[in-house]
Amino acid sequence: MMRHIDNIEVHPELTDNALRLYDGALPKVRPKDAATLIILDHDHGTPKILMGRRHKRHRFMPGKFVFPGGRLDASDRFVPCADDLHVGVMEKLRCEARNGSSDRRMRGLAVCAIRETYEEAGLFIAAEGNPSKLKGEDWDAFKQRALLPKLSPLRFIGRAITPPGRSRRFDTRFFAIDASHIADRLAEGTGPSGELEDLHWLTISDAHDLDLPRITKEILHELQERLNEDPDLTPQSPTPFFFMRGKSMFRAEI
């Protein structure tokens, strides 16, 4: 059954933010597929999440605290994995997918989130497997440990498309996973790309005090609400979707 979006409502705060930052002098940019991963640590009572500060040299959101993540690479679609996405997660990811909705591409978004989490935070979301088919330098560290990306525990908890009038636009899928699925981590305590600094495990409440992109604050709010109502993050629960239409930012549900 194909999923559809419903419960579509204008989001006034995000609308104001989108209009304030709109730059009509910039050329129109098509959003690129991207993915990010929220890792939840439940071992110490109140759940904590991993966030890091983007290097101030970055042109896009310099100095902002974010979750590990980045743009989908073409090769992400062809990476062998230890298992597959939950069927409910795959179904939701296909909904209103604007750059293609094949299973291979949807699976690639999850792989992208895992790859970026390794590159930026030095964490391996993986399980033991035969890594002989892993190709490219991005996956050398996985091959050395005989690990493959693990997709089945990933939960799709949000989606947001960057509004027009920005120099870069992304159609970002936000995944969440429990920290118990970290199979290994680099001793350096960070990732090899150096894109994220000051990595910290924070409660959602403490994370709100950081210098965050506006949409990240909204995703944190949605995550807290979801955890209150559905602590297991079941795949069937509604997933918020933020997008611009005309001069308004909307929140819908998948």
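Description of the structure in this document. (Residues numbered from 1 in each chain as written. Predicted model: local features only at pLDDT ≥ 70, side-chain atom pairs only at ≥ 80, totals over all residues. Heavy atoms only, no water.)

### Side note on the nonpolar core
Judged by nonpolar contacts, the single largest core of 46 residues is most densely connected at Leu37, Ile39, Leu85, Phe124, Phe142, Leu154 and Phe175. Among the elements that make up this core, the one with the highest residue count is helix H3 (residues 103-121) (9 residues). The contacts of Phe124, once residues within four sequence positions are left out, are Tyr118, Ala141, Phe142, Arg145, Leu147, His181, Ile182, Ala183, Asp184, Arg185 and Leu186. Judged by nonpolar contacts, the second largest core, of 24 residues, contains Ile49, Phe65, Leu212 and Leu227. (Core = buried A, V, L, I, M, F, W, Y, C linked by side-chain atoms within 4.5 Å. Buried < 20%, exposed > 50% of the residue type's maximum accessible area, 1.4 Å probe, protein only. Helix = DSSP H or I, 4+ residues; strand = E, 2+ residues; numbered from the N terminus. Contact = heavy atoms within 4.5 Å.)

### A word on the pairing of strand E6 (residues 123-128)
Sheet topology note: the E6/strand E10 (residues 182-185) ladder contains 3 bridges and is antiparallel. By the bridge assignment for E10, Phe124 is matched with Asp184. Examined bridge by bridge, E6 and strand E7 (residues 147-149) share 3 bridges and lie antiparallel to one another. Each bridged residue has a counterpart across the sheet, and for Ala127 the counterpart in E7 is Leu148. (Pairing = 2+ DSSP bridges.)

### Thoughts on the packing of helix H1 (residues 12-20) against helix H6 (residues 214-229)
Relative orientation of the contacting elements H1 and H6 amounts to 165°, with a least axis distance of 10 Å. Of the possible angle classes, the one that applies to H1 and H6 is roughly antiparallel. The element H1 and its partner H6 pack so that their crossing is left-handed. In this structure, H1 contributes Glu13, Leu14 and Asn17 to the contact, and H6 contributes Arg214, Ile215 and Glu218. Of the residues in the contact of H1 with H6, the class split is 2 nonpolar, 1 polar and 3 charged. (Axes fitted to C-alpha atoms, helices over the stretch in contact; angles between N-to-C directions. Parallel < 35°, antiparallel > 145°, perpendicular 65-115°, else oblique. Left-handed = near helix turned anticlockwise from the far one by under 90°. Nonpolar A, V, L, I, M, F, W, Y, C, P; charged D, E, K, R; others polar.)

### Quick notes on the pattern of salt bridges
The final tally for this structure, using the stated rule, is 18 salt bridges. Two residues, Arg53 and Glu197, come together in a salt bridge whose shortest N-O distance is 3.4 Å. With Arg53 in strand E3 (residues 48-54) and Glu197 in strand E11 (residues 196-203), this pair connects stretches of sequence that are 144 residues apart. The class for Glu197 is partly exposed, based on a relative accessible area of 26%. (Salt bridge = Lys/Arg side-chain N within 4 Å of Asp/Glu carboxyl O.)

### Remarks on the environment of Ala252
With respect to the helices, strands and loops of the structure, Ala252 is situated in strand E13 (residues 248-253). In this structure Ala252 comes out as buried when scored by relative accessible area, which is 0%. Taking the C-alpha atoms as reference points, Ala252 and Asp103, separated by 149 residues in sequence, lie 23 Å from one another.

### A word on H6
The end-to-end C-alpha separation of H6 is 23 Å, in line with the 22 Å expected for 16 residues at 1.5 Å each. Along H6, the residues classified as buried are Thr216, Glu218, Ile219, Leu220, Glu222, Leu223, Arg226 and Leu227. (Expected span 1.5 Å × (residues − 1).)

### A short note on the pairing of strand E2 (residues 32-41)
Extensive coverage of E2 is indicated by the burial of 9 of its 10 residues. In this structure, E2 lies alongside strand E9 (residues 170-178), joined through 9 bridges in parallel fashion. Following the sheet pairing, Ala35 is matched in E9 by Arg173. Note that E2 and strand E5 (residues 69-71) share 3 bridges and pair antiparallel. By the bridge assignment for E5, Ala34 is matched with Arg71. Where E2 and E3 come together, 2 bridges link them in antiparallel fashion. Along E3, the bridge assignment pairs Leu40 with Ile49. Connecting E2 to the next strand, E3, in antiparallel fashion are 6 residues, including Gly45 with a positive phi near 80°.

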